[in-house]
Amino acid sequence: EVIWSMMDSIRREALFYGAVVCLRRADSFARRAQPVEETSEPWEKRFLHLCVEPLVKSDLSVCVCTDEPASFLPWTDRPVRQIEFPDCTRAEQIALWQGLAERAGVTLDPVQCGSKYKLSPRQIATAVRQLAHQDRNPTLAVVNQVCGRVLPPPDQGGIRRIRTSYTLEDLKLPAEQKQKLQNIADHVLYRHLVYDEWNMESRFAYGRNVSALFVGPPGTGKTMAVHVLSNMLDLPLYRIDLSQVVDKYIGETEKRLEKIFDTAEKSNVILFFDEADSIFGKRSEVNDAKDKYANTEVSYILQRIEQYDGIVILATNYKRNIDEAFMRRMRYLVEFQLPSPELREEIWQGSFAPQVPLQEIDFPYLARQFELSGGSIKNVALNAVFLAAESGGPVTMWHILESLRDENLKMGKPMLPQDFAEYAPLIRS
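These numbers were taken from a predicted model, which means no experiment stands behind them.

A. Fine view of the packing of helix α15 (residues 341-350) against helix α17 (residues 374-391). Packing of α15 against α17 brings their axes to within 9 Å, and their N-to-C directions diverge by 35°. The crossing of α15 and α17 is right-handed. Taken together, the residues of α17 that come into contact with α15 (itself represented by Arg 344, Ile 347 and Trp 348) are Gly 374, Ile 377 and Val 380. Across the contact of α15 with α17, the residue classes break down as four nonpolar, one polar and one charged.

This is how it looks when you write it as structure tokens:
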């Protein structure tokens, strides 16, 4: 009754002024107003009956606007003119940034803004208005901050925001791996130049996403590298919680992943799949219905990653467990290995904050004697600092070696005093 009364008031006002009626966000309104028990009925049919028919019966012109694709023609015998507005291309977004910024007196780089952020015209206008109010000559950091606030956060089950602080200088990797990370960042920053101005889009009708696979043993810096990429691009990082995504019921995993990808595309974030082999594993021979649907699930994910207009990072400890089709579709492969003695020494030295008191720490010995991953070194350093804090003194070699022995024991590698070479006398038997 409330809807009928509202439509009667709109009809009366439109007839009085001779106006065209525009019903905006019709899909959102219809779904919100429709009872759960009636969801089997198409919302377009119900919306026409409740909101449109009372107006067109009075010979009023009605314009219905929806956020999602909709079709009204099957449910009415009246002529319907349907106009679809596709998402803005990068060139159109750049033009919007440039025109709106010039009008508002804001100085920024429209090419970088249009290439980096996937904003709607309304969101671009909102961002420019905020910048005009906040800072008419914004730094890149300020633009990133404002765009991040304009974009809706992907608040979906199975996806969680990860706060990042690491920079490329914090990451102790060989120059080759660091260059690959820079290549991934450049792929995002120069998409407009390559695909639009140089017209490479004509040669790649699909599969233009930025996808990377990080492979390597635990503790070698895969997750840290994802954090670094997030900071390099000033884009939010979201980790996919596979425990909430993978479902034993057929088709449910695909539905959840589709929702995550759709939301992430609108929010322009980096998607991070850790322990990726649990969901992107190799397809098997079909021996029963379970194998068939498991393979269908993997095939769906392959296609969805190719269609995703954003950045997807996969990390796994075991390259051999990843389906070959995934490997072929990954734009970049970055392999992480245990650090060399030179890098281990840098990691040891960088694991202690400048405020931590150290007493005669033999970093060259630690790097040379123990082949540890960067993650294990950081664990040893932190535990050693706590041991020193408990004793009330500076961190000594004894604290580090005791902590190192506990770390190896945790991994099932008991150590004998002779394993510590010249520092064996410090270790209790």
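After that view of the structure, there is still more to cover.
B. View of a nonpolar patch on the surface. Taken together, Trp 198, Met 200 and Phe 204 make up a surface patch of nonpolar side chains, about 330 Å² in accessible area. Tracing the chain through its elements places Met 200 in the loop between α9 (191-197) and β4 (210-215).

C. Broad picture of α15. Every buried residue belonging to α15 is among Leu 343, Arg 344, Ile 347 and Trp 348, and all of these are buried. Angular distribution of buried residues about the axis of α15 spans 140°; they occupy a single face of the element. Opposite the buried face of α15, by more than 90 degrees, sit the exposed residues Glu 342 and Gly 350. Structurally, α15 contributes buried residues whose contacts are with α16 (363-369), α17 and α18 (397-410).

D. Region of the structure containing the packing of helix α4 (residues 90-104) against helix α6 (residues 121-134). Running from N to C, α4 and α6 cross one another at 30°; their axes reach a closest spacing of 10 Å. In terms of their interaxial angle, α4 and α6 are classed as roughly parallel. Note on packing geometry: the crossing formed by α4 with α6 is right-handed. Taking contact as the criterion, the partners of Gln 93, Leu 96, Trp 97, Leu 100, Ala 101 and Ala 104 in α4 are, on α6, Pro 121, Ile 124, Ala 125, Ala 127, Val 128 and Ala 132. Each residue belonging to the contact of α4 with α6 can be placed in one class, and the counts come to eleven nonpolar, one polar and no charged.

Reading guide: rules and limits
- Residues numbered from 1 in each chain as written.
- Predicted model: local features only at pLDDT ≥ 70, side-chain atom pairs only at ≥ 80, totals over all residues.
- Heavy atoms only, no water.
- Axes fitted to C-alpha atoms, helices over the stretch in contact; angles between N-to-C directions.
- Helix = DSSP H or I, 4+ residues; strand = E, 2+ residues; numbered from the N terminus.
- Left-handed = near helix turned anticlockwise from the far one by under 90°.
- Contact = heavy atoms within 4.5 Å.
- Nonpolar A, V, L, I, M, F, W, Y, C, P; charged D, E, K, R; others polar.
- Patch = residues over 30% accessible without salt bridge, like charges linked within 9 Å, V, L, I, M, F, W, Y side chains within 5 Å.
- Areas by Shrake-Rupley, 256 points an atom, 1.4 Å probe, with all protein chains shown as cover.
- Salt bridge = Lys/Arg side-chain N within 4 Å of Asp/Glu carboxyl O.
- Buried < 20%, exposed > 50% of the residue type's maximum accessible area, 1.4 Å probe, protein only.
- Arc of directions from axis to C-beta.
- Parallel < 35°, antiparallel > 145°, perpendicular 65-115°, else oblique.

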